[in-house]
Amino acid sequence: MSASFRVRPATQADGAFLADMVVEAANWRQGGARPKHQIMTHPDHNRYITGWMRPGDAGFVAVDAQDEAIGAAWYRMLPRTEPGFGYVGTGVPELIIGVRPIWRAHGVGRALLQRLCDHARSSGFGRISLSVERGNFARQLYRSEGFAVTEAGHGRDTMVKRLR
Ligand SMILES: CC(C)(COP(=O)(O)OP(=O)(O)OC[C@H]1O[C@@H](n2cnc3c(N)ncnc32)[C@H](O)[C@@H]1OP(=O)(O)O)[C@@H](O)C(=O)NCCC(=O)NCCS
């Protein structure tokens, strides 16, 4: 039986929930939970969400039958001077994705990723990038959605999907 959720465009009001998803992404290892304030005060992490939503930001939120947010995927353009972990170049947006733990493995992440990539394509982007730590099963999801590793870093890889 498939659980009931839908995906809607993110709005400015989703900033606090997106911040929670940054924490989920940073804390993907079970048992490796760092407190939210520690993650969100670090520029490595808060640069994905500060000032949401800025011109050029785009995202989608998955909601349950009660319209509670359960997951989100979004992208933003980060400057060369303050790049994200998955920075590949100017003009290539970098994506972040997170799903609330109790909702994982129900197809929410894949649905969000597909909507976001479709949106990036129709917005005229040729590529979209992300960064994933080694060992995170999310890389199987990314690979099956057409992302390929372009750069191997220390414990994490940059993956890029061509959109056209
Ligand atoms: C990664 C994440 C966004 C995926 O979202 P999700 O809703 O759980 O994923 P889906 O249910 O759409 O599953 C997509 C694929 O992921 C894989 N997958 C999902 N759950 C898995 C699990 N527990 N173990 C191994 N693989 C799993 C499967 O390959 C699945 O493919 P399938 O559709 O053929 O079964 C979510 O698990 C999450 O928020 N994780 C913690 C934060 C994180 O790691 N973010 C990414 C940082 S780069």
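Before going into details, it helps to say that this report is about the structure given with it. Source: prediction; values computed, not measured.

This part covers the overall build of the protein chain. What the protein chain contains, in helices and strands, is 5 helices and 7 strands. Computed over its C-alpha atoms, the radius of gyration of the protein chain comes to 15 Å, within 12% of the 15 Å expected for a compact globule of 164 residues. Judged by the C-alpha coordinates and their principal axes, the protein chain covers about 40 × 35 × 30 Å. When burial is assessed residue by residue, the protein chain has 48% of its 164 residues classed as buried. The contacts in the protein chain between residues at least 6 apart in sequence include a share of 63% that link residues at least 24 apart. Taking the average place of the 22 positive charges on the side chains of the protein chain and the average place of its 15 negative ones, the gap between the two points comes to 5 Å.

The full set close to the ligand counts 20 residues, and V99, A105, G107, G109 and R110 are the nearest of them. I97 has a polar backbone atom sitting 3.1 Å from a nitrogen atom of the ligand. Interatomic distance of 2.9 Å between a backbone N/O atom of A105 and an oxygen atom of the ligand. Elements that contribute at least two residues to the shell around the ligand include exactly α1 (15-26), β4 (94-99), α4 (108-122), β5 (127-133) and α5 (138-144). Residue composition of the shell around the ligand, by class: 11 nonpolar, 6 polar and 3 charged.

A separate point is the pairing of strand β7 (residues 156-162). A large share of β7 lies buried, amounting to 6 of its 7 residues. Of the strand pairs in this sheet, strand β6 (residues 148-152) and β7 are connected by 4 bridges, and their pairing is antiparallel. In the sheet register, V149 faces β7, and the bridge partner there is M159.

This part covers unusual backbone geometry. Of note, the bond from W52 into M53 is cis; its omega dihedral lies within 30 degrees of zero at 0°. Inspection of the secondary structure assignment puts M53 in the loop between α3 (43-46) and β2 (58-64). The phi angle at D67 is positive, at roughly 70°, despite the residue not being glycine. Mapping D67 onto the fold places it in the loop between β2 and β3 (69-76). Given a relative accessible area of 47%, D67 falls into the partly exposed group. Even without a glycine there, the phi angle at A105 is positive, about 65°. Following the sequence through the fold, A105 ends up in the loop between β4 and α4. Classification of A105 by relative accessible area gives exposed; the value is 85%.

This paragraph deals with the environment of I70. Position of I70 relative to the elements: it lies in strand β3. Overall, the relative accessible area of 3% leaves I70 in the buried class. Note: C-alpha distance between I70 and H45 (25 residues apart in sequence) is 20 Å. Discounting residues that sit within four places of it in the chain, I70 has contacts with F5, F17, A62, V63, D64, V99, R100, W103 and V108.

Analysis parameters
- Each chain has its residues counted from 1, following the order in which its sequence is written.
- Given that this is a predicted model, residues contribute local features only at a pLDDT of at least 70 and side-chain atom pairs are listed and counted only at 80 or more, while totals for whole chains, interfaces and linings are drawn from all residues.
- No hydrogens and no water enter the side-chain calculation; it runs on all heavy atoms of the structure.
- Helix and strand assignments follow DSSP, with helices taken as H or I runs no shorter than four residues and strands as E runs no shorter than two, numbered in order from the N terminus.
- The reference for a compact globule is 2.2 Å times residues^0.38; the radius of gyration itself is calculated from the C-alpha atoms.
- Each residue is assigned to one of three classes by its accessible area relative to the maximum for its type, calculated with a 1.4 Å probe on protein chains only: buried under 20%, partly exposed between the two thresholds, exposed over 50%.
- Residues are treated as being in contact if the distance between any of their heavy atoms lies within 4.5 Å.
- In summary, the charge assignment counts Lys and Arg as positive and Asp and Glu as negative, without counting His or the chain termini.
- For the purpose of locating charges, the reference atoms are NZ of Lys, CZ of Arg, CG of Asp and CD of Glu.
- Being near a molecule or strand, for a residue, comes down to having at least one heavy atom within 4 Å of it.
- Nitrogen and oxygen atoms within 3.5 Å of one another constitute a polar contact, given that in protein one can donate a hydrogen and the other can accept it, and given that sequence-neighbouring residues count only through two side-chain atoms.
- Gly counts as polar in this scheme, as do all residues outside two lists: the nonpolar Ala, Val, Leu, Ile, Met, Phe, Trp, Tyr, Cys and Pro, and the charged Asp, Glu, Lys and Arg.
- The pairing criterion is simple: DSSP has to find at least two bridges between the two strands.

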